[in-house]
Amino acid sequence: MDLTLPSVMLSKYGLAPSKQRGQSFLSDWNVTRKIVDEIAPEPDDVVVEIGPGFGALTFELAERARHVIAVELDGGIVRAFREEYGENPRITLVEGDILRLDFEEIRGIHKCERLLVAGNIPYSITSPLIRMLTDVKGVVKRAALMVQSEVGERIVARRGDREYSGLSVVVQYHALARLLFTVKSTCFFPRPKVDSKLVELSFERAPRRDSNAELFEAVVQAAFGKRRKMLRRSLEDLMVRFDVTSEGLETAAGIDLTRRGETLDVSDFEFLAIALEASGTSAGITE
């Protein structure tokens, strides 16, 4: 299908990119095909697309998948999309907030086991969106997200990397994360100040986790929230809450608490969360 360039669509329908939302639209069709090749939807897949804009990915996805639910917050873009392209039986265009989408309901309506998710993600919603995806990971098999380069590097960073952060740990707890490729800023209109990276989060291939996810994330937040402090200091509040001493936690987790959070990997944080929960149980503390 021949698509109209974003610059033409904006002019034709009297629209302007929202600076507040950081709107930039893919305008290089070779890159869009490369992205869809990486997403690799199968004929029976149902894809939730985040922020379709003017359809750069939407129609390519619809050619390969059973159905695409394209969720767009901007009402002006939705109206322009519908007027320019009309209806497509394989695309459902939804005007609304992706963070309020009921993924369980969509899975039920389309009678599929798990959904694919894809989209160009504004910086302002990256963290809440990832949080939402980890909450619904039971109904999402994979997500391919285009994010700002620095965010993509943080998501996949490993212990020892300069970009390693709490975001890295939490994402990798819930999903197998990998960088697919860089998308240059010149592939967008208007041109953003930085390049983007396409990141894949595979929830279906994620390692098995034995700790309580909420407690795990509390440990990570405490450790990285006081990044320059030793764990025996940064985890003080949690040790009080679960009635365990630093010596007791060290022994139970097998982690030296003179270390700092950025020196731990995902498994180390799991050991701490499991040890804290066990300590709380033995002390009669219930959540």
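Residues numbered from 1 in each chain as written. Predicted model: local features only at pLDDT ≥ 70, side-chain atom pairs only at ≥ 80, totals over all residues. Heavy atoms only, no water.

Trainee: Kindly report on the packing of helix α7 (residues 149-156) against helix α8 (residues 166-174), identifying the contributing residues and their values.
Mentor: It is at 6 Å that the axes of α7 and α8 come closest, and there the two elements cross at 60 degrees. Taken as axis vectors, α7 and α8 run oblique relative to one another. Handedness of the crossing formed by α7 with α8: right-handed. Counted together, Val-151, Arg-154, Ile-155 and Val-156 of α7 and Leu-167, Ser-168, Val-171 and Gln-172 of α8 form the full contact between these two elements. Classifying every residue of the contact of α7 with α8 gives five nonpolar, two polar and one charged. (Axes fitted to C-alpha atoms, helices over the stretch in contact; angles between N-to-C directions. Helix = DSSP H or I, 4+ residues; strand = E, 2+ residues; numbered from the N terminus. Parallel < 35°, antiparallel > 145°, perpendicular 65-115°, else oblique. Left-handed = near helix turned anticlockwise from the far one by under 90°. Contact = heavy atoms within 4.5 Å. Nonpolar A, V, L, I, M, F, W, Y, C, P; charged D, E, K, R; others polar.)

Trainee: An account of the nonpolar core is needed here, citing residue identities and associated values.
Mentor: With 37 residues, the main nonpolar core has Leu-26, Ile-35 and Val-183 as its most contacted residues. No other element matches the five residues that helix α4 (residues 75-85) contributes to this core. Setting aside residues up to four positions removed in sequence, Leu-26 forms contacts with Pro-6, Val-31, Thr-32, Ile-35, Ala-56, Leu-57, Met-146, Val-183, Cys-187 and Phe-188. Core analysis: the second largest hydrophobic core is formed by 32 residues, Leu-115, Met-132, Val-147 and Leu-201 among them. (Core = buried A, V, L, I, M, F, W, Y, C linked by side-chain atoms within 4.5 Å. Buried < 20%, exposed > 50% of the residue type's maximum accessible area, 1.4 Å probe, protein only.)

Trainee: Tell me about the layout of surface pockets, residues and numbers included.
Mentor: Here the largest pocket is characterised by a volume of approximately 940 Å³. Residue lining of the largest pocket: 48 residues in total, with Arg-21, Gly-22, Gln-23, Ser-24 and Pro-122 positioned closest to the centre. Only β1 (25-26), β2 (46-50), β3 (67-72) and β6 (140-148) provide two or more residues apiece to the lining of the largest pocket. Of the residues forming the lining of the largest pocket, the biggest block, three residues, is contributed by β6. In terms of residue class, the lining of the largest pocket is built from 26 nonpolar, 14 polar and eight charged. Approximately 290 Å³ is the volume attributed to the second largest pocket. (1 Å grid on protein atoms, 1.4 Å probe; cavity = no way out; pocket = protein on both sides within 12 Å on 5 of 7 lines; lining within 4 Å. Points joined across faces, edges and corners; volume = space filled by probe spheres on them.)

Trainee: Any details on unusual backbone geometry? Residues and values, ideally.
Mentor: Trans peptide bonds make up most of the peptide bonds, and negative phi angles are found at most residues other than glycine. Of note, the bond from Phe-189 into Pro-190 is cis; its omega dihedral lies within 30 degrees of zero at -10 degrees. Assignment of secondary structure puts Pro-190 in the loop between β8 (188-189) and β9 (196-202). Positive phi, close to 50 degrees, is recorded for Lys-111, a residue that is not glycine. Following the sequence through the fold, Lys-111 ends up in the loop between α5 (103-110) and β5 (115-120). Among the residues examined, Lys-111 registers a relative accessible area of 73% and is labelled exposed.

Trainee: Explain the packing of aromatic side chains to me, and be specific about the residues and the numbers.
Mentor: Within the structure shown, the criterion is met by eight aromatic pairs. Judged by centre distance (5.6 Å) and plane angle (10 degrees), the ring pair of Phe-59 and Phe-81 falls under stacked. Pair noted here: Phe-59 is in helix α3 (residues 58-64) and Phe-81 is in helix α4, with a separation of 22 residues, a long-range link. On the basis of relative accessible area, Phe-59 is assigned to the buried category, the value being 8%. (Phe/Tyr/Trp six-rings, centres within 6.5 Å; stacked < 30°, edge-to-face > 60°.)

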